[in-house]
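Fold and contact review
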2 protein chains.
Amino acid sequence: MHLSTNSMTIGTLAKTCDVSAPTIRYYEKIALLPLANRNASDQRRYTASDVERLTFIRRCRDFGFSIEQSRDLVALSNSTTRGCSHSRDLAAERVTEIRAKVSELKALEKSLKSLVQKCETTCIDGTGNDCASFRDMRMPA
Amino acid sequence: MHLSTNSMTIGTLAKTCDVSAPTIRYYEKIALLPLANRNASDQRRYTASDVERLTFIRRCRDFGFSIEQSRDLVALSNSTTRGCSHSRDLAAERVTEIRAKVSELKALEKSLKSLVQKCETTCIDGTGNDCASFRDMRMPA
DNA sequence: TGTACGGGTTAAAGTAACTTTAAGGGCAAG
DNA sequence: CTTGCCCTTAAAGTTACTTTAACCCGTACA
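Another aspect to go through is the overall build of chain A. Helices and strands together make up the secondary structure of chain A, namely 6 helices and 2 strands. If you list the helices and strands of chain A from N to C, you get α-α-β-β-α-α-α-α. Considering only contacts within chain A whose residues lie at least 6 apart along the sequence, 43% involve residues at least 24 apart. Accessible surface computed for chain A: about 7,900 Å², of which carbon and sulfur atoms make up 51%.

In structure tokens form, the structure reads like this:
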């Protein structure tokens, strides 16, 4: 596999940035990535700047930003005239959301653990109908 | 609103169990709920046992079980012959998944916070291109 | 009596963010 | 020369619903 940084195949770009080739085509279709250059056989060829852009997008997605938010962030990160304070604010918002999600999940973990606990202490050999956990889960608010 | 527990409308069931009416119809379509009884005007009518079943499903979903897992759990919870150990195991698995998700999110929170931090200390008034955070995010692995 | 309102009904399309499938072309190695 | 891997496209599938369009029904009010 020849990986001259100046004309990577989609497969190479995919491996380099750790996304799938269909996802790259999908990103192109929704214009998150620009239309790729093509070689004589009409195959997409990519360069180092594509690696950078896709890596940036991948990071955004890893950070939990939506496609549309990632699109904004790409635009902001390429802007020479606008500051990055908007991006900073977006990131700060994400931090808040993530904190909320973490507490939510912790509460959920606790509930589930007590469900398991109850199941273990009250109905190890019982039937579903007798299971205390199930009984409680069928009770409306 | 007459809410004789013996013939609730879909709207009443929805409110009681805190799910939307379209969702109830959807659950019926995918056979997570049985075909509802109809009144003379062909409208769905529900009873207390429907409230129990839907509440149970709602709980499963709140616990983060997929529709298919919830379907299993409903079947298990209604079984008179099979124990609930399988459900207990499913719940225990969820706990593990949730723990992993929590650590993941915490790590993410940390990264994002340092991103915000960097942005604040190095480029409050800079352009996107100069922003240290952006620069780093474009660097492949 | 008429009509406006707040329910209910259906099927179908939209959503996010891809993944999977089908059906095919190109090219290098064995 | 054929096997195998990579590439191409468009379209359908996925999850768990939500939204929309177009309609029916019973009742409360003027």
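This brings us to the environment of B:V51. Along the chain, B:V51 falls in helix α3 (residues 48-62). Remark: the alpha-carbon pair of B:V51 and B:T12, spanning 39 residues in sequence, is separated by 9.9 Å. Excluding anything up to four places from it in sequence, B:V51 contacts A:P140, B:M8, B:L13, B:T16 and B:C17.

Turning our attention to the protein's contact with DNA strand C. Within the structure, DNA strand C sits among 17 residues, and A:T23, A:R61, B:G11, B:R25 and B:R44 are positioned closest to it. Restricting the count to atoms of DNA strand C within 4 Å of the protein gives a sugar and phosphate share of 84%. Here a phosphate oxygen of DNA strand C and a side-chain polar atom of A:S41 are 3.1 Å apart. Note that a phosphate oxygen of DNA strand C is positioned 2.8 Å from one of the side-chain N or O atoms of A:R61. Among the elements that line the surface near DNA strand C, the one with the most residues is helix α2 (residues 21-29) of chain A, at 4 residues.

Looking now at the environment of B:A21. Residue and element names in this part refer to chain B. With respect to the helices and strands, A21 occurs in helix α2 (residues 21-29). Separated by 11 residues in the primary sequence, A21 and I10 have C-alpha atoms spaced 6.0 Å apart. Ignoring sequence-local partners within four residues, the contact set of A21 consists of I10 and A14.

This next bit is on the protein's contact with DNA strand D. Around DNA strand D sit 17 residues in total, of which A:G11, A:R25, A:R44, B:T23 and B:R61 are the nearest. When the atoms of DNA strand D within 4 Å of the protein are sorted by group, sugar and phosphate make up 85%. Separating a phosphate oxygen of DNA strand D from a backbone N or O atom of A:G11 is a distance of 2.5 Å. Within the backbone of A:R44, one N or O atom sits 2.8 Å away from a phosphate oxygen of DNA strand D. Of the residues forming the surface near DNA strand D, the biggest block, 4 residues, is contributed by α2(B). Broken down by class, the residue content of the surface near DNA strand D amounts to 5 nonpolar, 7 polar and 5 charged.

Spanning 12 residues, helix α4 (residues 67-78) of chain A covers 16 Å between terminal C-alpha atoms, matching the ideal 16 Å at 1.5 Å per step. Those residues of α4(A) that sit buried are A:I67, A:S70, A:L73, A:V74, A:L76 and A:S77.

Parameters at a glance
Counting restarts for each chain, with residues numbered from 1 along the sequence as it is written. Note on labels: chains are lettered from A, ligands numbered from 1, in written order. Where totals are concerned, whole chains, interfaces and linings use all residues; where local detail is concerned, this predicted model gives features only for residues with pLDDT of at least 70, and gives and counts side-chain atom pairs only at 80 or more. To obtain the side-chain values, all non-hydrogen atoms of the structure were included, while hydrogens and water were left out. A run of DSSP states H or I qualifies as a helix once it reaches four residues; a run of E qualifies as a strand once it reaches two. Both are numbered from the N-terminal end. Whether two residues are in contact is decided by their heavy atoms, any of which lying within 4.5 Å being enough. Note on areas: Shrake-Rupley with a 1.4 Å probe; residue coverage comes only from the protein chains shown. Residues are classed as near a molecule or strand on a simple rule: at least one heavy atom within 4 Å of it. For this analysis, a polar contact is any N or O atom pair within 3.5 Å, provided that within protein one partner can donate a hydrogen and the other can accept it, and provided that sequence-adjacent residues contribute only side-chain to side-chain pairs. In the scheme used here, Gly and all other residues not listed as nonpolar or charged are polar, with Ala, Val, Leu, Ile, Met, Phe, Trp, Tyr, Cys and Pro taken as nonpolar and Asp, Glu, Lys and Arg as charged. Expected span of a helix: the number of residues minus one, times 1.5 Å. Partly exposed describes any residue whose relative accessible area lies between the buried limit of under 20% and the exposed limit of over 50%, with all areas from a 1.4 Å probe on protein chains only and scaled to the type maximum.

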